[in-house]
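Chain by chain, the residues:
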Amino acid sequence: MISEAENVLVHYSLLEPVIEFIRHNENITFKVTSKPDNRSYLLRIHKPVSEGLSGVQHTWNGLQAEMRLLQEIDHNNILKVQKPVANRDGEWVTEYHSNQFGVTYATLLEWIEGATLTLEEDNITQIVYTLGEDVARLHEFSQTLVTQELHRPVYDAKRIEEVVTELRQGVESGSLNQDDYDVIRSVLVIVKEQLSELDARENSWGIIHADYQLGNIVVSEGNPSLIDFCLFGYGHYCFDLGSASSMLKSELRKTFLEGYASIANFFFEDIRYIEGQIFMDIFICYAFFINDPEKNGWIKEHAAKLCSTHCRDFLDGKEVYYSF
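Participant: Got a minute to help me understand the sheet that holds strand β12 (residues 233-236) in this structure?
Facilitator: Working definition: the strands of a sheet are paired by backbone hydrogen bonds and lie parallel or antiparallel to each other. On the basis of which strands lie adjacent, the open sheet formed by 3 strands has the order β8-β12-β9 and mixed pairing. Each having just a single partner strand, β8 (154-155) and β9 (205-208) make up the two edges of the open sheet. Sheet analysis places β8 next to β12, joined by 2 bridges and oriented parallel. Bridging from a neighbouring strand, Val154 pairs with Tyr234 of β12.

Participant: I keep staring at the pattern of salt bridges and nothing clicks. Help me out?
Facilitator: A side chain of one charge can pair with a side chain of the opposite charge when the charged atoms of the two come close. On inspection of all chains with the given rule, the structure shows 16 salt bridges. Among the salt bridges present, the one from Glu161 reaches Lys192, with a minimum N-O distance of 3.1 Å. With Glu161 in helix α4 (residues 157-173) and Lys192 in helix α5 (residues 178-199), the pair connects residues that are 31 residues apart, well separated along the chain. Among the residues examined, Lys192 registers a relative accessible area of 27% and is labelled partly exposed. With a shortest N-O distance of 2.7 Å, Asp270 and Arg201 are connected by a salt bridge. Of the two residues, Asp270 sits in the loop between α7 (250-261) and α8 (271-289) while Arg201 sits in the loop between α5 and β9, which places them 69 residues apart along the sequence. Residue Asp270 is classed as buried on the basis of its relative accessible area of 10%. Connected via shared salt-bridge partners are Arg23, Glu26 and Asp228.

Definitions and cut-offs
- Residues numbered from 1 in each chain as written.
- Predicted model: local features only at pLDDT ≥ 70, side-chain atom pairs only at ≥ 80, totals over all residues.
- Heavy atoms only, no water.
- Pairing = 2+ DSSP bridges.
- Helix = DSSP H or I, 4+ residues; strand = E, 2+ residues; numbered from the N terminus.
- Salt bridge = Lys/Arg side-chain N within 4 Å of Asp/Glu carboxyl O.
- Buried < 20%, exposed > 50% of the residue type's maximum accessible area, 1.4 Å probe, protein only.

Below, the structure written as C-alpha cells:
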C-alpha cells in the first residue's frame, strides 16, 4: 500500500513525505507528513474495498464536485473542513496509472488535527449540540448550491428501489433471510411514502453529507469537525439527521436535535421522518456489501435482530428514535 501512495505523491510538491497507511474502505487512505514543515495531509486513492461502494462519487466529475464543495464551504467559512491540495499541474484530482488498479484517481486534503469522537469526552453534551448546529449550517448553505448540477449520489425513492433489488439478490445468495427481506421491503414502502411527503415541503432537500459516524468527526480544542465527504450527495436533510442520530447514544439525540433546531427549521413532531431515514441509511449500508462474500457476513445477523425489534415497532407506528 505504501508503494501505491508513493506512486501518487510524485504528482505533488511535498518534500520528504512520511507515509502512514490508515485504512481501506470507500477509499484507500494515508496520513502524509512533510518533514521540513511537519504539515500533515490526507491522501485518498479512490478504489473502494468492495464493488458495492463504487459509484458516481468515484468518477472524475464526482470527485471534482467534492473538491469544489469543500472549497466553497471553506471559502464561505461555513465549517472547518479538510481543504483540497492541488497537484503540480494545479489540478484538485490526480489521474495516474496504478500497477495494481490501472488508471486511478487520487486526491490530497489538508489534515485536521484532533481525536476522533468517542462519546466519552468530558464535554460531550456541548460537542453534540455544536454538531447539531454544524449540520444545520451545512444544510442552510446547501440551499445556495441547489441549482448547481453536481455529479454526486442521490438518496431518493429511486435509490430505495435499487436497494430493494440489491437486497433481493442477497436473499438469492443466502446473505439475507427471506422473512427479514420482506420486513425491510415493508419498511421501505413507508419510507418512500415519507419521501413523497417531504418532497412537498420547501427547503427539505439539498446537499447532504450522508455518512455520519464516529470516525468522521474529529474533536479539536473541544469542538467537532466533520470530515470525509466521500459519500455526500443530494437528499432530504432528514437523512443527515438520521445518520448522525444513529451514531449517538439515545440520551444525546435530543441535544443534537436541539442544536440543529437552534439554526434550521425543525419540528420535533417530524421525528418519524428521521426514523425512516435511519432505516434507509442502514439498508443502503447493507446494499453496499450484500453481494461481497468477504464483507457481508455481518448482515444476516444484524438484519434478523433489527427486523424483529425496531422494524416491527416502526411498522406498528411506535416511536423508535430513542431506542435504536
